Amino acid sequence: MAGAPTPPTEQGRPDPDAARALYERHADTYDAQTGWAGPDRARVVSLLDLRPGDTVVDVGCGTGLCFAAIEARIGPSGRLVGIEPCLDMLTQAGQRADRLGWSNVDLRLGLPEDQMRPDDDLDAALFCFTHDVLRSRAALEAIVGRLRPGGRAAAVGPMWAPWWAPAMNLLVWYVASDYVTTFEGFSEPWSHLADLVPGLEVERHDLAGEYFAWGEMTGNRP
Ligand SMILES: C[S@@+](CC[C@H](N)C(=O)[O-])C[C@H]1O[C@@H](n2cnc3c(N)ncnc32)[C@H](O)[C@@H]1O
């Protein structure tokens, strides 16, 4: 018999099996539950500075809530790769793409470290509310390794507020507990990404318990 889910801790590593189970429970109600994050999604996509024809990966794409903002920028000549380990979430992403007639969406079920291909030449990588991915070095190396020179990465997500704001941290913990499998790195969730994307810029919204991070791989686009 399946036990109760293990609560995320500060020490644990991201647990993809636990994440799948968590998001199987969320899938039907996810869009309504997280509609409040729409402005953050719009902003993090804008930080990618997308152009028509770009190839973008939406890592941990969930139900595809960032797809419309991406599609509006890359147009039909671009390509949108969505990677997601939870089938129920990815199915909804596929239904969204079908409903809206986006034929340039390539959805992949699984983990980034298994789903990236040698011929994936990426102009941009999006990490939108994907703490587990940002704390997985293997996932980040697989994605960032496919970014072209001049390619961009952008992330948004929750983080701990300062220690002297315990009420905010209680709220962050309460909300995030249901969406992450670890709180490891929650003080600086972007730290592994900063190792891989030189000059990563970080905008901390400390009192809101949230950050944005973005950067560009050195070199010019071919
Ligand atoms: C909070 S949701 C964010 C979904 C979407 N990016 C959005 O903005 O709504 C986190 C997503 O990351 C996925 N995820 C969890 N662990 C992952 C991993 N190791 N690799 C890729 N995706 C993962 C979850 O299944 C879930 O769909």
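Throughout what follows, the structure given in this document is the object of discussion. This is a predicted model, so every value here is computed, not measured. (Residues numbered from 1 in each chain as written. Predicted model: local features only at pLDDT ≥ 70, side-chain atom pairs only at ≥ 80, totals over all residues. Heavy atoms only, no water.)

Focus on the site of the ligand
The environment of the ligand is made up of 17 residues, and the closest members are Tyr 30, Arg 41, Gly 60, Glu 84 and Cys 128. Taking Tyr 30, its side chain carries an N or O atom lying 2.7 Å from an oxygen atom of the ligand. Separating a nitrogen atom of the ligand from a backbone N or O atom of Cys 128 is a distance of 2.8 Å. In the complex, 96% of the free accessible area of the ligand, which totals 600 Å², lies under the protein chains. Counting only elements with at least two residues in the shell around the ligand, the list comes to α1 (16-26) and α7 (131-134). (Near = heavy atom within 4 Å. Polar contact = N/O pair within 3.5 Å; in protein donor to acceptor, adjacent residues only side chain to side chain. Areas by Shrake-Rupley, 256 points an atom, 1.4 Å probe, with all protein chains shown as cover. Helix = DSSP H or I, 4+ residues; strand = E, 2+ residues; numbered from the N terminus.)

Brief notes about the pairing of strand β2 (residues 79-84)
Among the six residues of β2, five are classified as buried, and the element is accordingly described as predominantly covered. Relative to β2, strand β1 (residues 55-59) is paired through five bridges, and the arrangement is parallel. Opposite Thr 55, over in β2, you have Arg 79 as the bridge partner. On the question of chirality, the crossover connecting β1 to the parallel β2 by way of helix α4 (residues 67-74) is right-handed. Bridge count between β2 and strand β3 (residues 105-109): five bridges; the pairing is parallel. Looking across to β3, one finds that Leu 80 is bridged to Val 105. Where the polypeptide runs from β2 across helix α5 (residues 87-99) and back to β3, its parallel neighbour, the crossover connection is right-handed. (Buried < 20%, exposed > 50% of the residue type's maximum accessible area, 1.4 Å probe, protein only. Pairing = 2+ DSSP bridges. Right-handed = clockwise from strand over helix to strand, strands pointing away.)

Topic: the environment of Tyr 23
With respect to the helices, strands and loops of the structure, Tyr 23 is situated in helix α1. Setting aside anything within four residues of it in sequence, one finds Tyr 23 in contact with Tyr 30, Cys 86, Met 89 and Tyr 179. A polar contact of 2.6 Å, which involves the side chain of Tyr 23, links it to the backbone oxygen of Tyr 179. (Contact = heavy atoms within 4.5 Å.)

Some points on the packing of aromatic side chains
Evaluated as defined, the whole model comprises eight aromatic pairs. Arranged with centres 5.2 Å apart and planes meeting at 55 degrees, the rings of Trp 190 and Tyr 211 form a pair that is tilted. Of this pair, Trp 190 sits in the loop between α9 (166-176) and α10 (191-196) while Tyr 211 sits in strand β7 (residues 210-216), placing them 21 residues apart in sequence. With respect to burial, Trp 190 and Tyr 211 carry one shared label: buried. Each residue in the set Tyr 23, Tyr 30 and Tyr 179 is aromatic and connected to the rest through ring pairs, giving one cluster. Above the face of the Phe 212 ring, Arg 43 is positioned so that its terminal group lies 4.5 Å from the ring centre. The ring of Trp 214 is capped by Arg 43, whose NZ or CZ atom sits 5.9 Å from the centre of that ring. (Phe/Tyr/Trp six-rings, centres within 6.5 Å; stacked < 30°, edge-to-face > 60°. Lys NZ or Arg CZ within 6 Å of the ring centre and 35° of its normal.)

What about unusual backbone geometry?
Note: most residues except glycine have negative phi, and most peptide bonds are trans. Positive phi, normally seen in glycine, also occurs at Asp 49, with a value near 55 degrees. Structurally, the position occupied by Asp 49 is in the loop between α3 (38-46) and β1. Phi is positive for Phe 129, close to 55 degrees, though the residue is something other than glycine. Inspection of the secondary structure puts Phe 129 in the loop between β4 (122-128) and α7. Take Phe 129: its relative accessible area is 23%, and that puts it in the partly exposed class.

Overview of the nonpolar core
In terms of nonpolar packing, the biggest core is built from 27 residues, with Val 57, Phe 127, Ile 143 and Leu 193 touching the most fellow members. If you list the elements that add at least two residues to this core, you get β1, β2, β4, α7, α8 (137-144), β5 (147-158), α10 and β7. If you tally residues by element for this core, the top one is α8, at five residues. Setting aside residues no more than four positions away along its own chain, Ile 143 makes contact with Val 57, Val 59, Ile 83, Pro 112, Met 116, Leu 122, Ala 125 and Phe 127. (Core = buried A, V, L, I, M, F, W, Y, C linked by side-chain atoms within 4.5 Å.)

What about α5?
Compared with the 18 Å implied by 1.5 Å per residue over 13 residues, the 18 Å span of α5 between its first and last C-alpha is a close match. Along α5, the residues classified as buried are Met 89, Leu 90, Ala 93, Gly 94, Arg 96 and Ala 97. Looking straight down α5, one finds its buried side chains confined to an arc of 160 degrees; they lie on one side. Within α5, the exposed residues directed more than 90 degrees away from the buried face are Asp 98 and Arg 99. For α5, the elements touching its buried residues are α1, α2 (30-33), α4, β2 and β3. Of the residues flanking the end of α5, it is Gly 101, one or two places downstream, whose phi is positive at about 70 degrees. (Expected span 1.5 Å × (residues − 1). Arc of directions from axis to C-beta.)

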